[in-house]
Amino acid sequence: MEQGGLGSDSVPPSGSIDKSRVLDVRPLRCLVPMFPSSPGMGSVSNPHATPFVCVPPTGPFPPGVSPLYPFSVSNGSHNNQNTAAGQPGPYGFGNTSTIPSPVPLNAFRTPQGPSINGDAGRSRRGNRNRTGQGIVIEDDDDYSDSQNHSEPYVSGFSMHVNDVEAGSSGRRKKGGGSQKRTRRAQQQLESFSEVDVDSEANGILAVFRLAELDPDKKSNGDKELVQRILLIFDLLRRKLTQLEEAKDPTPGSTRRPDLRAATTLMTNKGVRTNSLKRFGHVPGVEVGDIFFFRMELCLVGLHAPSMAGIDYMSVKLTMDEEPLAVSIVSSGGYDDEGNDGDVLIYSGQGGVQRRDGQMFDQKLERGNLAMEKSLHRANEVRVIRGLKDVANSTGKIYVYDGVYKIQNSWTEKNKSGCSVFKYKLSRVAGQPAAFTLWKSIQQWKDGVTSRSGVILPDLTSGAESQLVSLVNDVDDEKGPAYFTYIPTLKYSKPFSSPKPSTGCHCIGGCQPGDSNCPCIQRNGGYVPYSSLGVLMSYKSLIYECGQTCSCPPNCRNRMSQAGLKVRLEVFKTKDKGWGLRSWDPIRAGAFICEYAGDVVDASRVSELASENEDGYVFDSTRIYEPLEPVNDPSIEPAKAPFPLVISAKNSGNVARFMNHSCSPNVYWQPVLQESNNDSYLHIAFFAIRHVPPMQELTFDYGMIRSDQTSYRRKKCLCGSAKCRGYFY
DNA sequence: GGGACTTCAGCCAC
DNA sequence: CGTGGCTGAAGTCC
């Protein structure tokens, strides 16, 4: 497991450990990213920080267009935080040396959202009337309002998107006539009721302590909240998928569980964050973060529209309000070209009838107008790149590629002869690589360029279906100590089954909704995995099909037996010995690998711990914190039914290289395979959240019991906010 | 406040 | 495996 013993500096020299000193160790904030996927942008932690500071205009600007001072600069908390962490400001665009004193924010009034004065859209309409008369009158009421409401205004150039009033949970207005309504109602009766969705959501929210969300947090998030909301969304989405599938196994019966989950959370429960629209980065979302649904972008405030590609907001300057673009999603819906790493050519919206596909000229309105204005104001625009998901042919992955600025705009005639707006955007310098990293990885895979620092192209020598590279691009070490690669767990003697199992008879594989399948029955009536191999919910134990089952090896209920699904590499970390990471994106709940090695008699664990100082041990008898923050007695934490201890010192697989973290992105689940009287317990690792390529994979090694004294304490370098400071 | 309109979804079938 | 059909939901506009 932890590679501390292999010449790294994560463990003090043996024999001379000053425990009092070790105990005093503070969480280190020095996990310098080797690859750009890391804690990088450190997220804006101060929600009250002024998002904009003044910089000199960087014209030239066209006549009649005044430069918008507040843009083009990051907020101060970025810099402070990163200075404290001993890192340079991650984005460069902060360029603080050129910043004169900030301009009072009320010089740039924002339109007031309904949460502020309950009068949404007033200023817009008022404005239009005034300009219609050719006279611009400063609205005194509005102005004094904005000064009095200093609380919402300190958050600066931002506005509430949708402030859900407390207690309006029943609000789910449906457009359309009664005919549409009844049909919808009918459909919902056929699948499952709103009550089911609601109670599922309430259950999850209670467990994750998000039943009522602080309005301040709803407006301005942080990394922890962003991750928690994404986790809840995906748990609910997976649960709804599973419920629908079991009720009606015919394909096509699943009615957008992504939308159901998102609206239940956002609209009904008010669970969302960063609902204040803003320019620039979003607190808690880092460059390189990945998403699998458009609704996820909405939930965390990265991009509000559920479908539209351009998000924008009206900004009141000294006189007029004008729309400015805040973010775009580039999904290849139009013919975007020249997507060469840090440059993006983006097409305007409109010009096509969604019904019949008929085309006409695009107009300079809505998003197109906002893009045009943003070109002149030179504000930062967030870019989310939609890419094809290789693991899911019809699916897409959205990569947050950081902020860009619009360089240029023009119109073109498309194939149908209609004019289309085009915008050239270039990436603001100094941000961690995101989209370009994806391109590099593709080139490594295609063999166009080679991954630098490769020691071995395949450390498994063909034992796995996927290659696993051994890479060191930080120092001279030529590899970890010798071990034998084995892809699965080795039992000398299986546990004995409490009751004999004859297995299932699902010739074509176990199907959801088949209530006769004994394997599905043992999993509580559901197949535990989705069709994509994603674990649908946390379980205390997963029952997979075993040797005596008639189903084929590709049965959905044999996920952890099917081998590696992603392209992994074992790499030398900067300060934690060897580690594990993936070239491929991994979605939340996806199976990663099992813990292979030799099953050891649990009574030998002390002996093993003392002779196996490098910690190549998996011990299910340790104390593992449940993933859920609430100790709900009805929810059992993952706990193996037998005391399973695995040694991977002499033989093991990629799992032995996974390092410890106090806020990990991977967790383990016990998986049981039974045949006749024998029980084979395995440890399977799954992603807790979406993991972008090249982000180190870590799990929580757990705490030792008071009688497990032979384990040696090691200094933890995980760098997370809730780091315990040590691990075993 | 409400309803129409717009929109680089997502899923499955063909 | 590409594409076409179908149902979507948020936000803006009116």
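As the structure is a prediction and not an experimental result, all values here were calculated from the model.

Sheet strands pair via backbone hydrogen bonds, and the direction of the pair is either parallel or antiparallel. Across the sheet, which stays open at both edges, the 4 strands sit in the order 10-11-15-16 with mixed pairing between neighbours. Edge positions in the sheet fall to strand 10 (454-456) and strand 16 (578-582), since each has one partner strand and no second. When strand polarity is set aside, the average angle formed by the axes of neighbouring strands in this sheet is 35 degrees.

This paragraph deals with the pairing of strand 15 (residues 568-572). Most of strand 15 sits out of view: 5 of its 5 residues are buried. Of the two faces of strand 15, the one holding Leu 568, Val 570 and Lys 572 and the one holding Glu 569 and Phe 571 are both buried throughout. Sheet analysis places strand 15 next to strand 16, joined by 5 bridges and oriented antiparallel. Bridge pairing in strand 16 links Glu 569 to Arg 581. Remark: 5 residues form the turn of the hairpin made by strand 15 and strand 16, two consecutive strands paired antiparallel; Gly 577 in that turn has positive phi of roughly 70 degrees.

The next thing to look at is helix 10 (residues 223-247). With 25 residues, helix 10 should cover 36 Å at 1.5 Å per step; its first-to-last C-alpha distance of 36 Å lies within 8% of that length. Along helix 10, 20 of the 25 residues are buried, which leaves the element largely enclosed by surrounding structure. Between the side-chain oxygen of the N-cap and the backbone nitrogen of Glu 224 there are 3.1 Å, and the N-cap of helix 10 in question is Asp 222.

Close to DNA strand B lie 26 residues, the nearest being Arg 294, Ser 331, Tyr 334, Arg 354 and Tyr 398. Considering DNA strand B, the proportion of its atoms within 4 Å of the protein that are sugar or phosphate atoms stands at 55%. One of the backbone nitrogen or oxygen atoms of Arg 294 is found 2.7 Å away from a phosphate oxygen of DNA strand B. For DNA strand B, a phosphate oxygen lies 3.3 Å from a polar atom in the backbone of Gly 350. Those elements that place two or more of their residues in the surface near DNA strand B are strand 5 (321-330), strand 6 (343-347) and strand 8 (396-413). For the surface near DNA strand B, a count of residues per class yields 8 nonpolar, 10 polar and 8 charged.

The feature "domain: Post-SET" (unreviewed entry), as annotated in UniProt, sits at residues 712-728 in this numbering. A distance of 6 Å separates the end C-alpha atoms of residues 712-728, which is 0% helix and 24% strand.

Low-confidence regions, as indicated by low pLDDT, have predicted coordinates that should not be scrutinised in detail. Summing up the model confidence of chain A, the mean pLDDT is 75 and the portion of residues at 70 or higher is 70%. Residue range residues 1-191 is modelled with pLDDT below 50. Its contacts to residues more than four positions away, or to other chains, number 334 contacts.

Trans is the common state for peptide bonds, and a negative phi is the common state for residues other than glycine. You will see that Ala 378, though not glycine, has its phi angle at about 60 degrees, which is positive. Inspection of the secondary structure assignment puts Ala 378 in the loop between helix 13 (366-377) and strand 7 (381-388). A relative accessible area of 19% means that Ala 378 is categorised as buried. At Ser 461, a residue that is not glycine, the phi angle is positive and equals roughly 50 degrees.

Before going further, it helps to spend a moment on the sheet that holds strand 20 (residues 645-647). Strands sit in the order 18-20-19 across an open sheet of 3 strands; the sheet is antiparallel. Of all the strands in the sheet, just strand 18 (598-600) and strand 19 (617-619) have a single pairing partner and so form its edges. Shown here is a sheet whose adjacent strand axes are inclined to one another by a mean of 25 degrees, direction ignored.

Moving on, we get to the state of the cysteines. Disulfide: a covalent bond formed between the sulfur atoms of two cysteine residues. Per the counting criterion, the structure on display carries 0 disulfides. With no disulfide of its own, Cys 504 lies closest to Cys 510 among cysteine sulfurs, the gap being 3.7 Å. Cys 551 carries a free sulfur, and the closest cysteine sulfur to it, the one in Cys 545, is 3.5 Å from it.

Cut-offs applied
- Each chain has its residues counted from 1, running along the sequence as written.
- Whichever chain is written first becomes A and whichever ligand is written first becomes 1, with later ones labelled in order.
- Two thresholds apply to this predicted model, a pLDDT of at least 70 for residue-level local features and 80 or more for giving and counting side-chain atom pairs, whereas whole-chain, interface and lining totals are computed over all residues.
- With hydrogens and water stripped out, all remaining heavy atoms of the structure feed into the side-chain values.
- Only strands joined by at least two bridges in the DSSP assignment are considered to pair.
- Here a strand is any run of E in DSSP of at least two residues, a helix any run of H or I of at least four, and the numbering for each starts at the N terminus.
- As a rule, the C-alpha atoms of each element are fitted with a line to give its axis, helices using only the stretch in contact, and angles between N-to-C directions run from 0 to 180 degrees.
- Each residue's exposure class comes from its accessible area (1.4 Å probe, protein chains only) as a fraction of the maximum for that residue type: buried when under 20%, exposed when over 50%, partly exposed otherwise.
- Helix span, expected: 1.5 Å multiplied by one less than the number of residues in the helix.
- Any N or O atom pair separated by 3.5 Å or less is treated as a polar contact, with the protein-specific requirement of one donor-capable and one acceptor-capable atom, and with residues adjacent in sequence counted only for side-chain atom pairs.
- The nearness test applies per residue and asks whether one of its heavy atoms lies within 4 Å of the molecule or strand.
- Note that Gly is not counted as nonpolar here; it falls among the polar residues with everything else outside the nonpolar set of Ala, Val, Leu, Ile, Met, Phe, Trp, Tyr, Cys and Pro and the charged set of Asp, Glu, Lys and Arg.
- UniProt positions are given in the numbering used here, feature names are shortened, and annotations may be inferred rather than shown by experiment.
- Each residue carries a pLDDT score, the predictor's own confidence in it, on a scale running from 0 to 100.
- Here, residues are in contact when the closest pair of their heavy atoms is within 4.5 Å.
- Criterion for a disulfide: a pair of cysteine sulfur atoms at a distance within 2.5 Å.

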